[in-house]
Structure formats: structure tokens, C-alpha cells
Amino acid sequence: MQDVYFIFNNKKCTDMGVEISEFPALQHPERRVEVIEVDGMDGSYTQDLGAYNTYKISIECVLNKLSRDAQSINEILKWLKGSGKLILSTDPMKYYEARIASAISVENVIWIFPEFKITFEVQPFRKSVNEVSDVIKTDEKKFRVFNKGDVSSRPIITLKGSGDITVNVNSNSYLLQGVTDSVTINSEMQEVYNDTKSLNTLYKSIEFPEFQVGVNEFEVIGNVSEIEIKPNWRWF
């Protein structure tokens, strides 16, 4: 029988004395749209805003018989709060960015009926648990990047170099002007910086680089000695 569990903030539920009684069904995030109503027009129409909404995952749980004392319950309540990485046993190689969406009320019912529900609010996409090994480091200026996810990724690209630098991803170009040492293009945050110093004024493009699913052509033009890419592969 397959081991059924979840891991939140690096702690496995079964190690905390929490067992799963009902696992959540697989879900997909909803596209973010704006419903527009126009005076004089019947009905309405929707405008796609080009993004996905967060959504909620609920897991039905039960405390095992060895975890129903006050100390164990207190440790569980301290664990199941705040934000962190959530991994489900249905796909242990990917994680959700999650937060506890509702307070856990175990102590009031534990002596009568030791079951409770945990509701997580999760970001739209799952990410690889092997993010460190996914990082690309090279001094080559032209190569291919294969996006192994099932949706476009928003990478973090760090370049060591100086002067004017152009980053080409497929048919799109992204221009930096006046780089003096090192610069990071963070497509997730849509920010450009060096450590804690903002370098947004050096970035002359409106859009930020993305890697489409499958093979991507990547090239850097300019005085660059080293390239590091955290690709941020994503899955529904």
C-alpha cells in the first residue's frame, strides 16, 4: 500500500502523529479574469488578465492514539501555522508554496472525536524540490534550455559582466545598459538588482524573460564572463 502523507515546513505529518483520512482531489488553478458589464449591452464579457489565482487544498486528518496528549497536540498546533513548502505524497518531487488558510482547532474535539481538517492556500503552480540541482552555471554565451515543466517558467538570471548586455530568449530580446559588475534579472518578482541594490533603471525592456515549455534558445551578447540561471520550473 502506498504511503500517504504530506510534508509541511520540512516535517512529515506521520512523524508528528497526524494521519490522513481523506486526501484532496487534484485541482488546477483558475485563470484570473475580469467580468465586464457595459450599459446597454446584454449580459457581460470577460477579459483574461494573463495570470492564475491561488486556490485552496483541504486535507482531512486524524491524530493517532500516541499523539493525543497535551504536549503532542501543542507541538502539532505550533507546526501547522504560517507559510512554507507543502509536499504531497502523490507527487513527492514537487512542492507548493502554501500557507495555513484557517486556524487548526484540535484541542476542543480531540478527546471526543480526534479528526480535523487542514486547509492550505497554495500558489497556482508547483515547483521542483530539486531546485538547487536545476540551476545552470556556465561561461558559454549561447546554449539551449529545456523547460521540463508544463507551463512557462519565470527564471532568475544572474550575469557577471559590464557594459551594455542583451539577453535573447527565443525571438525576444532584453536589454541592460551600463552594468558595472553583476546584475540579476528576476522574472518572478519583475525586478533587476545586485544583491540588495535595485538596478531597475538599467533594464530597458518592458517584459521579462520566460522559458516556454520544451526547448528554448538562450544567448547573451556583451561583456559577460559567467551566467547563472535558476529556471524555476513550474507545474499545474
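The structure reproduced in this document is the subject of the present report. Just so it is clear, the structure is predicted and the values come from calculations on it, not from any experiment.

Within the protein one finds two helices and 19 strands. Rg of the C-alpha trace for the protein: 23 Å, well past the compact-globule value of 18 Å for 236 residues, more than 25% over. Along the first, second and third principal axes, the C-alpha set of the protein runs to 70 × 55 × 35 Å. Of all 236 residues assigned to the protein, the portion counted as buried reaches 42%. Intrachain contacts of the protein at a sequence separation of at least 6 include 68% that bridge at least 24 residues. Just so you have it, the protein exposes about 13600 Å², and 47% of that area is on carbon and sulfur atoms. Charged side chains in the protein number 26 positive and 34 negative. The centres of these two groups are separated by 4 Å.

The next thing to look at is the packing of aromatic side chains. Counted under the stated rule, the structure contains ten aromatic pairs. Their ring planes at 70° and their centres at 5.9 Å tell us that Phe6 and Phe120 sit as a pair that is edge-to-face. Here Phe6, found in strand 1 (residues 6-8), pairs with Phe120, found in strand 9 (residues 115-122); they are 114 residues apart in sequence, far enough to count as distant. Accessibility assignment for this pair places Phe6 and Phe120 in one class, buried.

Time to look at helix 1 (residues 70-79). Of all the residues in helix 1, the buried ones are Ile73, Ile76 and Trp79. Buried positions in helix 1, seen along its axis, are confined to an arc of 120° and lie on one side of it. For helix 1, the exposed residues lying more than 90 degrees away from the buried face are Ala70 and Gln71. The secondary structure elements touched by the buried residues of helix 1 are strand 1, strand 2 (11-12), strand 3 (18-22) and strand 6 (55-63).

Turning our eyes to something else, we now look at the environment of Glu217. Relative to the elements of secondary structure, Glu217 occurs in strand 18 (residues 214-230). For Glu217, a relative accessible area of 35% gives the class partly exposed. Once you skip the residues sitting within four places of it in the chain, Glu217 turns out to touch Phe143, Arg144, Asn168, Val169 and Asn170. There is a polar contact of 2.7 Å between the side chain of Glu217 and the side chain of Arg144.

Conventions adopted
Residues numbered from 1 in each chain as written. Predicted model: local features only at pLDDT ≥ 70, side-chain atom pairs only at ≥ 80, totals over all residues. Heavy atoms only, no water. Helix = DSSP H or I, 4+ residues; strand = E, 2+ residues; numbered from the N terminus. Rg over C-alpha atoms; globule rule 2.2 N^0.38 Å. Buried < 20%, exposed > 50% of the residue type's maximum accessible area, 1.4 Å probe, protein only. Contact = heavy atoms within 4.5 Å. Areas by Shrake-Rupley, 256 points an atom, 1.4 Å probe, with all protein chains shown as cover. Lys, Arg positive; Asp, Glu negative; His and termini not counted. Charge placed at Lys NZ, Arg CZ, Asp CG, Glu CD. Phe/Tyr/Trp six-rings, centres within 6.5 Å; stacked < 30°, edge-to-face > 60°. Arc of directions from axis to C-beta. Polar contact = N/O pair within 3.5 Å; in protein donor to acceptor, adjacent residues only side chain to side chain.

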